[in-house]
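Examination of the molecular architecture
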Amino acid sequence: MDALPGVDLKMSASSVGYSYVMVVKSAEAAADLAETELALPVRGEGVDVRRSESGGLTAVEAAGAVVFEGAQPVGSGRPTVARHGVR
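Remember, predicted model here, so these are calculated numbers, not experimental data.

1. So, the side chain of Ser52
Note that Ser52 resides in the loop between strand 4 (47–51) and strand 5 (57–61). Once residues lying within four places of it in the same chain are set aside, the contact partners of Ser52 are Leu57 and Thr58.

Below you can see the structure in the form of structure tokens.
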């Protein structure tokens, strides 16, 4: 199923991390994607998920300890402007 027309979203998660990759299937889809703002909702049970100072994600438990950190999204090997839909 397409996440957007001509674009698949492939996600994986494990006990040591997560990843998501946008698979663009055509030049037309790439052109459309260049004009699209993406938001991937992220939430966690028992943690406050927020954007980190480096542009990634941080999950913080009630006591204030960081229990998870994720790197800033990258595209084509360089950082991209991305917004996490944190709830």
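2. Examining the sheet that holds strand 4
Strands sit in the order 4-5-6 across an open sheet of three strands; the sheet is antiparallel. Two strands close off the open sheet at either side, each with one partner strand: strand 4 and strand 6 (66–70). The sheet shows a mean angle of 15° between the axes of neighbouring strands, taken without regard to direction. Relative to strand 6, strand 5 runs antiparallel, the two being bridged by four bridges. Counterpart to Val60 in the pairing with strand 6 is Val66.

3. Here we look at the environment of Ser52
Residue Ser52 is classed as buried on the basis of its relative accessible area of 16%. For the pair formed by Ser52 and Glu69, sequence separation is 17 residues and the distance between their alpha carbons is 8.1 Å. Within the structure, the side chain of Ser52 is placed 3.0 Å from the side chain of Ser54, a separation counted as a polar contact.

4. Examining the pattern of salt bridges
Counted under the stated rule, the structure contains two salt bridges. As a salt-bridge pair, Asp8 and Lys25 come within 3.2 Å of each other at their nearest N and O atoms. Note that Asp8 is positioned in strand 1 (residues 7–14) and Lys25 in the loop between strand 2 (17–24) and helix 1 (27–34), a separation of 17 residues in sequence. Among the residues examined, Lys25 registers a relative accessible area of 47% and is labelled partly exposed. The partner of Asp48 in a salt bridge is Arg50, with the nearest N and O atoms 2.7 Å apart.

Reading guide: rules and limits
Residues numbered from 1 in each chain as written. Predicted model: local features only at pLDDT ≥ 70, side-chain atom pairs only at ≥ 80, totals over all residues. Heavy atoms only, no water. Helix = DSSP H or I, 4+ residues; strand = E, 2+ residues; numbered from the N terminus. Contact = heavy atoms within 4.5 Å. Pairing = 2+ DSSP bridges. Axes fitted to C-alpha atoms, helices over the stretch in contact; angles between N-to-C directions. Buried < 20%, exposed > 50% of the residue type's maximum accessible area, 1.4 Å probe, protein only. Polar contact = N/O pair within 3.5 Å; in protein donor to acceptor, adjacent residues only side chain to side chain. Salt bridge = Lys/Arg side-chain N within 4 Å of Asp/Glu carboxyl O.

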